[in-house]
There are 2 protein chains.
Amino acid sequence: MAGTKQALESLKEVGYRLTPQRMLVLSAIQEGGHLSAEEVYGRVKEEYAFIDIATVYRTLALLKRLRLVTETELGDGPARYELSTEPHHHLVCRGCGETTPLNDDLFAPLRLTLRERLGFEAELEHLPVFGICSRCGAQGRRAERRRAGVATERAGTAQ
Amino acid sequence: MAGTKQALESLKEVGYRLTPQRMLVLSAIQEGGHLSAEEVYGRVKEEYAFIDIATVYRTLALLKRLRLVTETELGDGPARYELSTEPHHHLVCRGCGETTPLNDDLFAPLRLTLRERLGFEAELEHLPVFGICSRCGAQGRRAERRRAGVATERAGTAQ
DNA sequence: CTTGGTGCAAAACTTTTGCACGGAG
DNA sequence: CTCCGTGCAAAAGTTTTGCACCAAG
């Protein structure tokens, strides 16, 4: 897809007004990447103190509808928004919280299988793939060895 | 994993009390499958009118911690809960909302690749795979042909 | 001018939490 | 008898909505 400028173009083309608020929200997302509505709000407010969070939500909803930004639901906490680029996903480590971009190619076979076998057009866009990264995995295994045999579950593994 | 009885066993084994509320929540989930907390609440209330939704949430959180139920975040609306069974996922059609179970095998290659290439242990458990089912896909294409050339987007594609 | 977009305030919706009482073990 | 689990009520966190005014086209 595109950068802020092209995004603004698209907005105009489709008949929406170009307001400072919309421009600011767009550039906040472009610079920030993976921001929550609240964070976008914070960033925009630095440049234009009077913006309301409702406007941010409305703008994000609009941009999402136009497929200019992507919304990702991380399960807990607020949704996060990102400028649409070429299709990709994210690895999200439950240990350290780090997110790593993940090329879409890995999902092609799955998408194909679903289409051929079930006639299902999977969107599989911008998925958060939860798990444990190599670094945290190593740590976890060490910790596990340390308390080997305890096991009552009460403590619970990272959910 | 298991049915309600075994689940109750597990609860007791790990040292939690067996209360009517917990039994009712469990059997509601077993019978209902894919229920929201509110729906579980509704079902349980039919048999025990005094239960509180807070109890439902607390019980669901407990069962989730013990891995007896799985929580799925569908992005909009409330989380949905399901009794844990063998690993599987769901196709969720954005058109008709229908959900179809999906065998986990399809995800094995992806999981393997992530492990080997990046050392990332992907959880990929009980994923909602959004998309358009064959039935709705056909309808959509027909509708599109009907209004071919209009295109202002305003209407918006199914989000 | 006209209508769409904004700010403000309030509501909606889902989920969590504090507290005191009652029942399971 | 002890303390875990519950009901009740209130709060918290995120997102949506009604309304009057303002500004983009």
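### Re the relation of the copies chain B and chain A
Structural alignment of chain B on chain A gives an RMSD of 0.3 Å, achieved by rotating through 179° and translating 0.0 Å along the axis. Interpreted geometrically, this transformation is the action of a two-fold axis. Mapped onto chain A, 100% of the interface residues of chain B are again interface residues, and the two copies thus contact each other with one and the same surface.

### Concerning the protein's contact with DNA strand C
Neighbouring DNA strand C are 19 residues; Arg17, Gln21 and Thr55 of chain A together with Arg17 and Tyr57 of chain B lie closest to it. Of all atoms in DNA strand C that approach within 4 Å of the protein, 63% are sugar or phosphate atoms. For DNA strand C, a phosphate oxygen lies 3.3 Å from a polar atom in the backbone of Asp52 of chain A. Ala79 of chain B is positioned with one of its backbone polar atoms (N or O) 3.1 Å from a phosphate oxygen of DNA strand C. Of all the secondary-structure elements, those providing two or more residues to the surface near DNA strand C are helix H2 (20-32) and helix H4 (53-65) of chain A together with helix H4 (53-65) of chain B. Considered class by class, the residues forming the surface near DNA strand C number 10 nonpolar, 3 polar and 6 charged.

### Comments concerning H2 of chain A
All names here are of chain A. Here H2 spans 18 Å end to end across 13 residues, near enough to the 18 Å set by a 1.5 Å rise per residue. For H2, the complete set of buried residues consists of Leu24, Val25, Leu26, Ala28 and Ile29. Just downstream of H2 lies Gly33, where phi reads positive at about 60°.

### Quick notes on the packing of helix H3 (residues 37-47) of chain A against H4 of chain A
All names here are of chain A. Contact geometry for H3 and H4: axes closest at 9 Å, N-to-C directions at 115°. Classified by chirality, the crossing of H4 by H3 is right-handed. Within the contact between the two elements, H3 uses Ala37, Glu38, Val40 and Tyr41 and H4 uses Ile53, Val56, Tyr57 and Leu60. Along the lines of polarity and charge, the residues of the contact of H3 with H4 split into 7 nonpolar, no polar and 1 charged.

### Notes on the protein's contact with DNA strand D
With respect to spatial proximity, 19 residues lie near DNA strand D, and among them Tyr57 of chain A together with Thr19, Gln21, Arg22 and Thr55 of chain B are the closest. Counting only atoms of DNA strand D within 4 Å of the protein, the fraction found in sugar and phosphate groups is 66%. The separation between a phosphate oxygen of DNA strand D and a polar side-chain atom of Thr19 of chain B is 2.9 Å. Within the side chain of Arg58 of chain B, one N or O atom sits 2.9 Å away from a base nitrogen of DNA strand D. Listed by contribution, the elements that provide at least two residues to the surface near DNA strand D are H4 of chain A together with helix H2 (20-32) and H4 of chain B. Per-class residue counts for the surface near DNA strand D are 10 nonpolar, 3 polar and 6 charged.

### Looking at the interface of chain B and chain A
Contact with chain B, which involves 39 residues of that partner, is made by 39 residues of chain A. With a closest N to O distance of 2.6 Å, Arg94 of chain B and Glu123 of chain A form a salt bridge. Taken together, the connections running from chain B to chain A amount to 7 residue pairs in polar contact (both at pLDDT 80 or more). Breaking the side of chain B that touches chain A down by element, the ones donating at least two residues are H4, strand E4 (88-93), helix H5 (108-118), strand E6 (121-122) and strand E7 (128-132) of chain B. Ranked by residues supplied to the side of chain B that touches chain A, first place goes to H5 of chain B with 5 residues. Counted by class, the side of chain B that touches chain A contains 20 nonpolar, 9 polar and 10 charged residues. Sheet topology places strand E6 (residues 121-122) of chain A next to E7 of chain B; 2 bridges connect them, and they run antiparallel. The residue of E7 of chain B that forms the bridge with Glu121 of chain A is Ile132 of chain B.

### So, the confidence of the model for chain A
For chain A, the average pLDDT comes to 83, and 85% of its residues sit at 70 or higher. Confidence drops under pLDDT 50 across residues 149-159 of chain A; counting only partners more than four residues distant or on other chains, this segment forms 13 contacts.

### Comments concerning the nonpolar core
Counting 28 residues, the largest nonpolar core has Phe107, Leu114 and Val129 of chain A together with Phe107, Leu114 and Val129 of chain B as the members making the most contacts within it. Counting only elements with at least two residues in this core, the list comes to strand E4 (88-93) and helix H5 (108-118) of chain A together with E4 and H5 of chain B. Other than its neighbours up to four places away in sequence, Leu114 of chain B contacts Leu91, Leu102, Leu106 and Val129 of chain A together with Gly119, Phe120 and Ala122 of chain B.

### Brief notes about the environment of Glu46 of chain A
Relative to the assigned elements, Glu46 of chain A resides in helix H3. In this structure the C-alpha to C-alpha distance between Glu46 of chain A and Pro109 of chain A, which are 63 residues apart in sequence, comes to 44 Å.

### Some points on unusual backbone geometry
Among all residues save glycine, negative phi is the norm, and among peptide bonds the norm is trans. Residues and elements named next belong to chain A. Residues other than glycine seldom take positive phi values, yet Arg67 does so here, at roughly 60°. Tracing the sequence through the fold places Arg67 in the loop between H4 and strand E2 (69-72). Judged by its relative accessible area of 39%, Arg67 falls in the partly exposed class. At Leu124, a position not held by glycine, the phi torsion is positive, near 40°. Residue placement: Leu124 occurs in the loop between E6 and strand E7 (128-132). Looking at Leu124, the relative accessible area reads 4%, which means it is buried.

What counts and how
- Residues numbered from 1 in each chain as written.
- Chains lettered and ligands numbered in written order.
- Predicted model: local features only at pLDDT ≥ 70, side-chain atom pairs only at ≥ 80, totals over all residues.
- Heavy atoms only, no water.
- Least-squares fit on C-alpha atoms with pLDDT ≥ 70 in both.
- Contact = heavy atoms within 4.5 Å.
- Near = heavy atom within 4 Å.
- Polar contact = N/O pair within 3.5 Å; in protein donor to acceptor, adjacent residues only side chain to side chain.
- Helix = DSSP H or I, 4+ residues; strand = E, 2+ residues; numbered from the N terminus.
- Nonpolar A, V, L, I, M, F, W, Y, C, P; charged D, E, K, R; others polar.
- Expected span 1.5 Å × (residues − 1).
- Buried < 20%, exposed > 50% of the residue type's maximum accessible area, 1.4 Å probe, protein only.
- Axes fitted to C-alpha atoms, helices over the stretch in contact; angles between N-to-C directions.
- Left-handed = near helix turned anticlockwise from the far one by under 90°.
- Salt bridge = Lys/Arg side-chain N within 4 Å of Asp/Glu carboxyl O.
- Pairing = 2+ DSSP bridges.
- pLDDT = per-residue confidence, 0-100.
- Core = buried A, V, L, I, M, F, W, Y, C linked by side-chain atoms within 4.5 Å.

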